[in-house]
Amino acid sequence: VVYVDAGNDPDCPWTGSGTIIGDGSYVLTNAHVAIKEDGQTPCKLAVGIISSVNDMPDTFYWASAVTFDTDLDVAVLRVFDDYGDPVIISEVKPVSLSAVEPRLGEEFTVIGFPFLGGSRVTLTVGNYAGLSDDSPPYYKTDALINAGNSGGGAFNSVGELVGIPSAVNFADDLTETALGLIRPIKYSLSFFEMALKVELKAPSITQEQ
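Before going into details, it helps to say that this report is about the structure given with it.

Each value, and the rule that gives it
Residues numbered from 1 in each chain as written. Predicted model: local features only at pLDDT ≥ 70, side-chain atom pairs only at ≥ 80, totals over all residues. Heavy atoms only, no water. Helix = DSSP H or I, 4+ residues; strand = E, 2+ residues; numbered from the N terminus. Buried < 20%, exposed > 50% of the residue type's maximum accessible area, 1.4 Å probe, protein only. Contact = heavy atoms within 4.5 Å. Lys, Arg positive; Asp, Glu negative; His and termini not counted. Charge placed at Lys NZ, Arg CZ, Asp CG, Glu CD. Disulfide = S-S within 2.5 Å. Salt bridge = Lys/Arg side-chain N within 4 Å of Asp/Glu carboxyl O. Pairing = 2+ DSSP bridges. Axes fitted to C-alpha atoms, helices over the stretch in contact; angles between N-to-C directions.

1. A look at the overall build of the chain
The number of helices and strands found in the chain is two helices and twelve strands. Counted from the first residue to the last, the chain has its helices and strands arranged as β-β-β-α-β-β-β-β-β-β-β-β-β-α. If you line up the chain on its principal axes, its C-alpha atoms span 50 × 35 × 35 Å. In the chain, which comprises 209 residues, the proportion classed as buried is 47%. When contacts within the chain are restricted to residue pairs at least 6 apart in sequence, those whose partners lie at least 24 apart make up 58%. Taking the 11 positively charged and 28 negatively charged side chains of the chain as two groups, their mean positions are separated by 5 Å.

Next up, the structure:
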């Protein structure tokens, strides 16, 4: 799971999270992390890698969305070097994906970089609490999700990525526990397949731009 920083783009003053997939040059995240508020234009992103679980992100790559859907809130990023060439993130291995619907009560592990508590990685654990009424539905979970977790990873008990932490459904009575909403991975697979077919060279990107 990686830190996604859109702060280099004045139109995208936020941060989020993502998960490395495929050959290591792709990152799965939410569209609301990667796309400007016009719903059409990709943000200029930096993807941060941590050296250990106690460190803040210390290695960064440039990235941009190559496929996305704002209605599903899914985006697939391609990672680039300073010259605009695709590059594989070698520091960590991509994850395995699972499109199988979890069993009710199955444990989820949610990993991301929420604003709450700073820019270090945060891990929370909860259960699969059923499907939401949305169309298409989210997975509901009682695992804690906060702003900045968006786009990170929700994993099953064997470490497979089952979905993207995307939102929190707060109860009207704030004394009640909020439910986290996770976009099931099956709605991301077609976008990843499309991303694999996109042959492009990003414009040259440098720290000075």
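2. Section: the environment of Val-87
Counting through the fold element by element, Val-87 comes out in the loop between strand 6 (74-80) and strand 7 (107-112). Distance in space between the C-alpha atoms of Val-87 and Ser-25 is 5.6 Å, their sequence separation being 62 residues. Residues contacting Val-87, with those up to four places away along its chain left out, are Gly-24, Ser-25, Tyr-61, Val-79, Phe-80 and Asp-81.

3. A short note on the state of the cysteines
If you walk through the whole model with that rule in mind, you get one disulfide. Between Cys-12 and Cys-43 runs a disulfide, and the two sulfur atoms are separated by 2.1 Å. Since a negative S-S torsion denotes a left-handed disulfide, the Cys-12-Cys-43 link at about -85 degrees is left-handed. One end of the pair, Cys-12, is in the loop between strand 1 (2-5) and strand 2 (15-21); the other, Cys-43, is in the loop between helix 1 (31-34) and strand 4 (45-49), with 31 residues separating them in the sequence. Each member of the pair, Cys-12 together with Cys-43, is buried.

4. Remarks on unusual backbone geometry
Along the chain, Ser-135 connects to Pro-136 via a cis peptide bond; the corresponding omega equals 0 degrees. Looking at the element boundaries, Pro-136 is found in the loop between strand 8 (122-131) and strand 9 (139-141).

5. Looking at the pattern of salt bridges
Considering all chains together, one arrives at three salt bridges under this definition. In this structure, the salt-bridge partner of Asp-11 is Lys-36, at a minimum N-O distance of 3.2 Å. With a gap of 25 residues between them, Asp-11 in the loop between strand 1 and strand 2 and Lys-36 in the loop between helix 1 and strand 4 connect regions that are remote in the sequence. Residue Asp-11 is classed as partly exposed on the basis of its relative accessible area, which comes to 47%. Salt-bridge contacts for Arg-103 lead to Glu-106; the nearest nitrogen and oxygen are separated by 4.0 Å. A residue is classified by how much of its surface remains accessible, and Arg-103, at 59% relative accessible area, is exposed. Ionic contacts of the salt-bridge type, sharing partners, join the residues Asp-9, Asp-11 and Lys-36 into one network.

6. Comments concerning the sheet that holds strand 4
Taken in spatial order, the six strands close into a barrel running 1-2-3-6-5-4, and their pairing is antiparallel. Ignoring which end each strand starts from, the neighbouring axes of this sheet average 40 degrees apart. Sheet topology note: the strand 1/strand 4 ladder contains three bridges and is antiparallel. Bridge assignment links Tyr-3 to a residue of strand 4, and that residue is Gly-48. Where helix 2 (residues 189-197) meets the sheet, it contacts strand 2, strand 3 (26-29), strand 5 (59-69) and strand 6, and its direction lies at approximately 110 degrees from that of strand 5.

Bear in mind that shape data such as this cannot, by itself, settle questions of function.
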